[in-house]
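# Fold and contact review
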Amino acid sequence: MTSTTRLTAAQALVRFLSAQYTERDGVRQRLIGATWGIFGHGNVAGIGQALLEHAGRMPYHQGRNEQAMVHAAVGYARQSNRLSTHAVTTSIGPGATNLVTGAALATINRLPVLLLPGDIFAGRPADPVLQQLEVPYAGDVSVNDCLRPVSRYFDRITRPEALVPSALNAMRVLTDPVETGAVTLALPQDVQAEAYDWPEEFFAERVWTVRRPGADPAELAEAVRIIRSAKRPLVVAGGGVHHSRAEEALAEFAETTGIPVASTQAGKGSLRHDHPQDVGGVGHTGTATADELARTADLVIGVGTRYTDFTTASGTLFSNPDVRFLNLNIASYDGHKLAGQPLVADARSGLQELTGALRLHAHRVADSYATEYTEDKERWEQRVDACYEVDEPDTRPTQPQVLGALDEIADESDILINAAGSLPGDLHKLWRTRSRDQYHLEYGYSCMGYEIPAAIGVKLAAPDRPVWALVGDGTYLMMPTEIVTAVQEGVAIKALIIQNHGYASIGGLSEAVGGERFGTAYRYPSEDGSYTGPPLPVDLAANAASLGMRVLRAKTVRDLREALAEARAADTPTCVYVETQTADTVSGAPPAQAWWDVPVAETATRPSAVKARELYERHVSTRRRHL
């Protein structure tokens, strides 16, 4: 007879989660490392009580905003190479719907996170209950259904015993490198508290092997043939290189063949900045070196990339009429993009197989090609030096000079986190990445507010490393709440708050597309209704201090250097606050080296929009569908 244990559904779920592990390359680690939670009537007596009941099995972190808790879990998952993540529990109502943005971010970036929102009563003892969404045409719909399109797996557990297959399916999706993303188990509050006789086997330790599939022999042979026939090949390294821990395999491939490597935002750091084959970021925010190689490439080898519009310059970057695409990706869906030749395999396995096959043929690009990209890279590095250079250290810095000051004190142990605004463009072009996981940009969803909570998650995964949240004033005002969590739990993140009085990135884009920076400045309104008056008297540094963070104010480049060094050495949550010199420009960094399609008004009376439309039509005429 099967042995059973009587527990509530919530208690059973917590106990089950505590026994799940991943294993890759012989290394085992816990799949769900902790649970974040904010409690309300929809989960306090269920999951909340279960976490208390099993406190020795499942660590708990107290959050302040449900979206931020997901960001923290995602930051932890990315730093853990998708092999470990956190769960997030909320009440019903706004607590549950606050998860949607974080879930979309996780799924778009293909990072695992387990969401456990409370739900309305399954038994419907009263109808409606507090916070219930009433849908006249369906009785089984709640606000949690908002999570369906942004989840890779979704289930509503309407009976305790339904948790058994659902929980197993949730773990399967979380650990699948192709399918992973947000996983949602909606938990009606009455079911959470209902008891059931659970088979002991449900709580047995389970190890989920994260696969490294190799390439199909025919696809591999065709890939080798294509590479050998190319004269100007270019690798585009995406986030899949990091998720697979394929950095060393990529370096060996590049060194063996001499093929240059450009990187997407997610893939930056796949090679160190000083590696001979690294040519920097590619696409709209890329370097001139990488983008010129992309324009003339006859073969683009995508490794673990989704080819977003920032990478392809909205279909205008890869302009060689003879260009072909070879896509090494664990997901067949991405392998076939741009009508490319797919090489469906794990990034590390596929690169190792390619390198071995090409080594047999002693294949290497022409010396003239290597000399060309090496010299171009040296010229770009001179432009970076010029952006970082400071003639007068007792003046306010530009945004690139802020990055230059951080560059001076950082080593390979530092981790930088950013997501939105003008910083992603500057970082992609200018930052000299020293380690495989130093550059942590969330640019799949470009979500303002990600940086501070994600930094907490990263720091929990890498407690002995300096973790920097690079935050503009717009992003800071979106979600500073988790500063309280960092202070409460002693998570010694470093926040670098850059004040430029508004949405600088969108302001620059608005000007470029004929919008004249309308509604993008943090200033008092003028008589004509535009926000062009004096800057607002908002003190973000005082706000951070009021939330418990130690704050260092820097008025000049000299102050900034000292403050950054002090913050880096701090063992408590510390903020460096600096106001940049270029309040009305994006950053002063080199302009975009490739186009990005933001449609401009087709008809307008204002000269700025008319001129922008003329430029837009010239660019859009160069767009190409790779068929």
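Quick look at the structure, then. (Residues numbered from 1 in each chain as written. Predicted model: local features only at pLDDT ≥ 70, side-chain atom pairs only at ≥ 80, totals over all residues. Heavy atoms only, no water.)

### Observations concerning the sheet that holds strand β23 (residues 574-579)
In plain terms, the rule: Two strands are counted as paired when DSSP detects at least two bridges linking them. Helix and strand assignments come from DSSP, with helices taken as H or I runs of at least 4 residues and strands as E runs of at least 2, each series counted from the N terminus. Axis geometry follows a simple rule: fit a line to the C-alpha atoms, using only the stretch in contact for helices, then measure angles between N-to-C directions, giving values from 0 to 180 degrees. Whether two residues are in contact is decided by their heavy atoms: any pair within 4.5 Å suffices.
Here we have 6 strands laid out as an open sheet, ordered β19-β18-β20-β21-β23-β22, and parallel in their pairing. The open sheet terminates on both sides in strands that have one partner only, identified here as β19 (439-441) and β22 (550-554). In this sheet, neighbouring strand axes are inclined to one another by 20 degrees on average, regardless of whether the strands run parallel or antiparallel. Across 6 bridges, strand β21 (residues 494-499) lies against β23 in parallel orientation. In the strand pairing of β23, Ile-498 is matched with Val-578. On the sheet, helix α17 (residues 423-430) packs against β18 (415-418), β19, β20 (467-472) and β21 and is oriented at approximately 150 degrees with respect to β19.

### Quick notes on the side chain of Thr-285
What counts, and what does not: The classification of residues rests on relative accessible area computed with a 1.4 Å probe and restricted to protein chains. Under 20% of the type maximum is buried, over 50% is exposed, and intermediate values are partly exposed. Polar contact criterion, stated in full: a pair of N or O atoms within 3.5 Å, where within protein one must be able to donate a hydrogen and the other to accept it, and residues adjacent in sequence count only if both atoms are side-chain atoms.
Examined against the element boundaries, Thr-285 turns out to sit in the loop between β14 (278-281) and α11 (288-296). Looking at Thr-285, the relative accessible area reads 6%, which means it is buried. Looking at Thr-285, its side chain comes within polar contact range of the side chain of His-428, at 2.7 Å. What Thr-285 contacts, discounting residues up to four positions off in sequence, is Gln-265, Phe-310, Gly-425, His-428 and Lys-429.

### Section: the state of the cysteines
Quick note on the threshold: Only a pair of cysteine sulfur atoms within 2.5 Å counts as a disulfide in this structure description.
Overall, the coordinates contain 0 disulfides when judged by the stated rule. Cysteine Cys-146 remains unbridged, with the sulfur of Cys-447 as its closest cysteine sulfur at 16 Å.

### A look at a nonpolar patch on the surface
Inclusion rule: Each patch groups residues whose relative accessible area exceeds 30% and which form no salt bridge, using 9 Å between like charges and 5 Å between nonpolar side chains of Val, Leu, Ile, Met, Phe, Trp and Tyr. The Shrake-Rupley method, run with a 1.4 Å probe, gives the accessible areas here. Residue values count only the displayed protein chains as cover. Each salt bridge in this description consists of a side-chain nitrogen of Lys or Arg and a carboxyl oxygen of Asp or Glu lying within 4 Å of one another.
Taken together, the side chains of Leu-477, Tyr-524, Leu-536 and Val-538 present a nonpolar region at the surface, about 340 Å² in accessible area. Its relative accessible area of 41% is what places Tyr-524 among the partly exposed residues.

### Structural notes on the nonpolar core
Quick note on the threshold: In plain words, nonpolar cores are sets of buried Ala, Val, Leu, Ile, Met, Phe, Trp, Tyr and Cys residues tied together by side-chain atoms within 4.5 Å.
If you look at the biggest cluster of nonpolar residues, it comprises 52 residues, and the most contacted ones within it are Ile-227, Phe-253 and Ile-301. One finds Val-70, Cys-447, Ala-495 and Met-549 within the second-largest nonpolar core, a separate group that totals 48 residues.

### Looking at the pattern of salt bridges
Going through the model one piece at a time under the given rule, you end up with 40 salt bridges. Between Arg-561 and Glu-408 there is a salt bridge whose closest N-O contact spans 3.4 Å. With Arg-561 in helix α23 (residues 557-569) and Glu-408 in helix α16 (residues 399-409), the pair connects residues that are 153 residues apart, well separated along the chain. We classify Arg-561 as partly exposed; its relative accessible area is 30%. One salt-bridge network, held together by shared partners, links Arg-245, Glu-247, Arg-436, Asp-437 and Arg-465.

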